[in-house]
Amino acid sequence: MSTASIVLDSAFTIGPVPQRLFGSFVEHMGRCVYTGIYEPGHPTADNRGFRSDIAALTREIGPTVVRYPGGNFVSNFRWEDGVGPRAYRPRRLDLAWHSVETNQFGLHEFVDWADAVGTEVMLAVNLGTRGLQEACDLIEYANHPAGTYWSDRRIANGAPEPFDIKLWCLGNEMDGPWQVGHKTAAEYGRLANETGKAMRLIDGEIELVACGSSNSLMPTFGAWEQTVLELCYDTIDYLSLHAYYEEKDDDVASFLASALNMDQFIESVVATSDAVGAKLKNRKKLNLSFDEWNVWYTSRFAGDGPKPREIDWQVHPRLIEDEYTVTDAVVVGTLLNSLLRHGDRVTIACQAQLVNVIGLLRSEPGGEAWKQTIAYPFEQMRRLARGQIIQVVAQSDRYDSPSYTDVPLVDTSATYDAETGRAALFVAHRGLTETATFAAELRGLSERRVVGATTMHARGSQDRHVTNREQHDAVTPQGFDAYELVDGQLTATLPPLSWTVFELEASRD
């Protein structure tokens, strides 16, 4: 049996819990939009074509912000194609995913859907095949009240009130050679700066996200951030990060340690950003937007889906519809812990994507919809992480893997909300076979008691490959018996390969 212990004190905080940390992502890719959130004719569809079953599940998991419409898709997207009467919307070739885009779902539909599920819109502009003028046209259309060409077009298209979108991405993954309209850091940094300045002249209250590196393995990582930030530091509010993780070559030990890479990625970008700020003698501290992250089996994607010149162009083909296991969910829990522990600087994050395409949710055309295993840690942290992020001092048995050394078997994060008197502990156990004895010492709090505790783990044979479609109750959070706090210490036994959440009532001393 392995052991782990943590000490946390309500007086030692990292910062407030940023509610935009619990975001998601909807891209015109595969079946995320069509037969995902939008399917006219589905038995649950409302009069706008939105699938009510997906909308209900979205409200349950509760993403606080949703990024749209891409992703790689945005880099050759003409936003005007998706507004106005549907009968006149053109069908276009989507070069990113070798698909046919019908444009039957566009900006108005997405804003209406976001309002229906209670989430904030995060909108990306095309800086691949388009540029400054088209971005200005779009923000005028979306946010200007009335009396101009584009705002009056919005009104004529059925939206008399501005959409008032405040969070904008200046392109997507422009460092990537795969991107339509790929640019060098100098080309992108100048374009982002000039576009952002012009957009602010139309709406001075917007927040802007510039593209950082697509992942930390990019050959330009670090140098890209430095060059881009030196060119647009004054104009932007956030720099983006993207990362996906998967198990390779049956190396589950390294896969379970993926959050160590996320930790290092975040801390490297923070260091670069602060160094540029110091060089520019700018006292502003940029925050980070980790607006694409998840488990994604990219090694399978090479043989998945349509490819140029091999098959005909298709309308919303099935693409990267990974079915997630309890192992994947535990990794997602550790990635959530990493984001929360860095919540003083990572103040936006979007788990990619919402439906079907590496989705938290899955659906079938004309059929059912369900949550994937990875939705459970997301939903629990989004629901319980409130107030202040508490600094955790942890001790745990450790292991080495082919890719990482000194990996803690137990990974944790914690929050405390003084207004409600509620604390939450989020605990991932990376061990595959042995249980772990866990102890948490809570300082600075009195009148403490556990009011809720759930765990998600593989059961019975401890089959780490089980999915929620194969054995639903094996990966649904299972309730613990009530726990007693003795002298301010919580003790528990953690099952192997598990994600556990403790909710406590406590008042500050």
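Right above here is the structure, for reference.
Residues numbered from 1 in each chain as written. Predicted model: local features only at pLDDT ≥ 70, side-chain atom pairs only at ≥ 80, totals over all residues. Heavy atoms only, no water.

1. Section: the sheet that holds strand E12 (residues 346-352)
Phase 1: On the basis of which strands lie adjacent, the closed barrel formed by 8 strands has the order E2-E3-E6-E7-E8-E9-E10-E12 and parallel pairing. For this sheet, the mean angle separating the axes of adjacent strands, direction not counted, is 30 degrees.
Phase 2: In terms of strand pairing, strand E3 (residues 65-68) meets strand E6 (residues 120-125) through 4 bridges, oriented parallel. Bridge pairing links Val66 to Val121 in E6.
Phase 3: Against the sheet, helix H2 (residues 107-117) engages E3 and E6, with an angle of about 170 degrees to E3. (Pairing = 2+ DSSP bridges. Helix = DSSP H or I, 4+ residues; strand = E, 2+ residues; numbered from the N terminus. Axes fitted to C-alpha atoms, helices over the stretch in contact; angles between N-to-C directions. Contact = heavy atoms within 4.5 Å.)

2. Some thoughts on the packing of aromatic side chains
Phase 1: On inspection of all chains with the given rule, the structure shows 18 aromatic pairs.
Phase 2: Here Tyr68 and Phe110 contribute two aromatic rings whose centre-to-centre distance is 4.0 Å and whose plane-to-plane angle is 5 degrees, an arrangement assigned as stacked. Remark: Phe110 occurs in helix H2 and Tyr68 occurs in strand E3; sequence separation between them is 42 residues.
Phase 3: Of the residues examined, Tyr68 reaches a relative accessible area of 2% and is grouped as buried.
Phase 4: An aromatic cluster is built from Tyr34, Tyr38, Phe50, Tyr68, Phe105, Phe110 and Trp113, whose rings are joined through pairwise contacts.
Phase 5: Here Arg67 stacks its cationic end above the ring of Phe25, 4.8 Å away from the centre of that ring. (Phe/Tyr/Trp six-rings, centres within 6.5 Å; stacked < 30°, edge-to-face > 60°. Buried < 20%, exposed > 50% of the residue type's maximum accessible area, 1.4 Å probe, protein only. Lys NZ or Arg CZ within 6 Å of the ring centre and 35° of its normal.)

3. Overview of the packing of helix H1 (residues 52-61) against helix H11 (residues 375-384)
Phase 1: Relative orientation of the contacting elements H1 and H11 amounts to 55 degrees, with a least axis distance of 8 Å. In terms of their interaxial angle, H1 and H11 are classed as oblique. Judged by residue contacts, Arg59, Glu60 and Ile61 of H1 engage Ala375, Phe378, Glu379 and Arg382 from H11.
Phase 2: Tallied by class, the residues present in the contact of H1 with H11 amount to 3 nonpolar, no polar and 4 charged. (Parallel < 35°, antiparallel > 145°, perpendicular 65-115°, else oblique. Nonpolar A, V, L, I, M, F, W, Y, C, P; charged D, E, K, R; others polar.)

4. Quick look at the state of the cysteines
Phase 1: Counted according to the given criterion, the structure contains 0 disulfides.
Phase 2: Free cysteine Cys232: the closest other cysteine sulfur is in Cys211, separated by 9.5 Å.
Phase 3: Cys350 forms no disulfide, and the closest cysteine sulfur to it belongs to Cys169, at a distance of 7.3 Å.
Phase 4: The exposure class assigned to Cys350 is buried, which follows from its relative accessible area of 0%. (Disulfide = S-S within 2.5 Å.)

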